[in-house]
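One-letter residues, chain by chain:
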Amino acid sequence: MKRDQEEELRSLQDTLYFIGGKWRIPVINSLCNGSRRFREIERSIPGITTRMLSKELKEMELNKLVKRTVYDDTPVSVEYEPTEYCRTFGKIIMEMINWGRDHRKFIQRNK
């Protein structure tokens, strides 16, 4: 079967655009690990600022990756959850985690 190099490149670029930046994957990972409230997500990602997390969540909501639910409590509470579409990326994240672990071991063995 002949591969379409141009289509593959476009698909890779789409994926890299989606995961690009420092924070997208950690936010998805946090959500998929059960963090729901803004502060829970923020605490689970060392180094992320409130502003950056807010920006990432808004962009992810616009791209149908996150569902935002506002509860009319006092004070108002907001929860975020990954959409089913977002969860399809979970396998890729796990493969990246596994590759990173293997790579770290490889580098340590071959110093």
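Residues numbered from 1 in each chain as written. Predicted model: local features only at pLDDT ≥ 70, side-chain atom pairs only at ≥ 80, totals over all residues. Heavy atoms only, no water.

## Description of the pattern of salt bridges
Just so we agree on the cut-off: Any Lys or Arg side-chain nitrogen located within 4 Å of an Asp or Glu carboxyl oxygen qualifies as a salt bridge. We count a stretch as a helix when DSSP gives it H or I for four or more residues in a row; a strand needs E for two or more, and each element gets its number in order from the N terminus. Burial classes follow relative accessibility: with a 1.4 Å probe on protein chains only, a residue under 20% of its type's maximum area counts as buried, one over 50% as exposed, and anything between as partly exposed.
Counted according to the given criterion, the structure contains five salt bridges. In this structure, the salt-bridge partner of Glu56 is Arg24, at a minimum N-O distance of 2.7 Å. Of this pair, Glu56 sits in helix 4 (residues 50–62) while Arg24 sits in helix 2 (residues 24–32), placing them 32 residues apart in sequence. The exposure classification of Glu56 matches that of Arg24, with both residues buried. Across the pair Arg39 and Glu42 runs a salt bridge, and its minimum N-O distance is 2.5 Å. Residue Arg39 and its partner Glu42 are both found in helix 3 (residues 38–44); the two are separated by three residues, about one turn of the helix.

## Notes on a negative patch on the surface
Heads up, the rule is: Note on patches: the residues involved have over 30% relative accessible area and no salt bridge, like charges join within 9 Å, and the nonpolar side chains Val, Leu, Ile, Met, Phe, Trp and Tyr join within 5 Å. Note on areas: Shrake-Rupley, 1.4 Å probe, and residue coverage restricted to the protein chains presented here. Positive charges come from Lys and Arg alone, negative charges from Asp and Glu alone, with His and the N- and C-terminal ends not counted. Taken as the charge centre is NZ of Lys, CZ of Arg, CG of Asp or CD of Glu, depending on the residue.
A cluster of like negative charges, contributed by Asp4, Glu6, Glu7 and Asp14, occupies part of the molecular surface. For Asp4, a relative accessible area of 45% puts it in the partly exposed group.

## Observations concerning the confidence of the model for the protein chain
As a general rule, the predicted coordinates of low-pLDDT regions are not to be interpreted in detail. Condition: The pLDDT value tells you how sure the predictor is about a given residue, anywhere from 0 up to 100.
Looking at the protein chain as a whole, its pLDDT mean stands at 91, while 100% of the residues score no less than 70. Per-element confidence in the protein chain ranges from a low mean pLDDT of 88 for helix 1 (residues 5–19) to a high of 96 for helix 3.

## Overview of the nonpolar core
Note the following rule: In plain words, nonpolar cores are sets of buried Ala, Val, Leu, Ile, Met, Phe, Trp, Tyr and Cys residues tied together by side-chain atoms within 4.5 Å. Any two residues whose heavy atoms approach within 4.5 Å at even a single point are treated as in contact.
Val27, Leu31 and Leu57 are the most contacted members of the largest nonpolar core, which totals 20 residues. Residue assignment for this core shows that the elements contributing at least two residues are helix 1, helix 2, helix 3 and helix 4. Of all the elements, helix 2 adds the most residues to this core, at four residues. For Val27, the contacting residues outside a window of four places in its chain are Ile45, Ile48, Leu53, Glu56, Leu57 and Met60.

## Some words on the packing of helix 2 against helix 4
We apply this condition: Axis definition: a line fit to C-alpha positions, over the contact stretch in the case of helices; interaxial angles, taken between N-to-C directions, run 0 to 180 degrees. Roughly parallel covers angles under 35 degrees, roughly antiparallel covers those over 145, roughly perpendicular covers 65 to 115, and oblique covers all other angles.
Close contact between helix 2 and helix 4 brings their axes to 10 Å; oriented N to C, the two are set at 75°. With respect to their mutual orientation, helix 2 and helix 4 come out roughly perpendicular. Facing Arg24, Val27, Ile28 and Leu31 of helix 2, the residues of helix 4 in contact are Leu53, Glu56, Leu57, Glu59 and Met60.

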